Amino acid sequence: DYPPTVAVREEVDPDEVGPQRRRRSKGDQAGLRRASGRGTAAAFSRASRRARGVPADGLPGPLPAGRTYVSGASVDMTKDGQPVLTITEGGYLKIAFTIPEDLRGKSLAILYWDPIANGGAGGWVELPPYAARPDGSPLVHRLHPSASPDDRMYILGGVRAFGDAATVKVNFAGTFILVAR
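Residues numbered from 1 in each chain as written. Predicted model: local features only at pLDDT ≥ 70, side-chain atom pairs only at ≥ 80, totals over all residues. Heavy atoms only, no water.

1. Structural notes on the side chain of Asn171
Here's step 1: Along the chain, Asn171 falls in the loop between strand 10 (165–170) and strand 11 (174–180).
Here's step 2: With relative accessibility at 6%, the residue Asn171 sits in the buried group.
Here's step 3: At a separation of 2.8 Å, a polar atom in the side chain of Asn171 contacts the main-chain carbonyl oxygen of Arg152.
Here's step 4: Side-chain polar atoms of Asn171 contact the backbone nitrogen of Tyr154, separated by 2.7 Å.
Here's step 5: Sequence-distant contacts of Asn171, defined by excluding residues within four places in its chain, comprise Met77, Leu85, Thr86, Ile87, Gly91, Tyr92, Arg152, Met153 and Tyr154. (Helix = DSSP H or I, 4+ residues; strand = E, 2+ residues; numbered from the N terminus. Buried < 20%, exposed > 50% of the residue type's maximum accessible area, 1.4 Å probe, protein only. Polar contact = N/O pair within 3.5 Å; in protein donor to acceptor, adjacent residues only side chain to side chain. Contact = heavy atoms within 4.5 Å.)

Put into structure tokens, the structure is as follows:
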């Protein structure tokens, strides 16, 4: 087991802000960080989020075969003091796990505990690897492709594991874990 090291950052989706902001930040990580600063306060007014580490012995269910726990985090969000599952105001959460040195360059994945999987019994869902559209913008994946579009649970681009970090951008809260495959 590795100690959980996760960062959660709220950001504004560049496609949801004005065209001048989008032009300035498209493809520019520093621009995206600037867009996530004060712009986030407007997108998340009266909202808050909290992340806490989840150890291997605190997982909500057994890991899928062939997966080894590396690190975990549970992310909760509230708005106006009430729990919320999804961000519906044009923003997302960036979940970032530090990859231990001995696992860098290895096959890794980020799993999400989906409480409605398996008929409500819950189960782990492997989030998709990063994919982009032909124009270079991130492909948006639905967490539940066969469910009603009203569920509004999205993965922006997918999982990226590069260097010392594995990241994913999502608009929903819950339990996320980094695993080795």
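2. Considerations on the packing of aromatic side chains
Here's step 1: Tallied over the entire structure, the rule returns four aromatic pairs.
Here's step 2: Aromatic side chains Tyr112 and Phe172 sit 4.8 Å apart centroid to centroid with 70° between the ring planes, which places their arrangement in the edge-to-face category. Here the residue Tyr112 occupies a position in strand 6 (residues 108–114), and Phe172 occupies one in the loop between strand 10 and strand 11, the gap between them amounting to 60 residues. The pair Tyr112 / Phe172 is uniform in exposure class, with both members buried.
Here's step 3: Centre to centre, the rings of Trp113 and Trp124 are 5.2 Å apart; their planes meet at 75°, and the pair counts as edge-to-face. (Phe/Tyr/Trp six-rings, centres within 6.5 Å; stacked < 30°, edge-to-face > 60°.)

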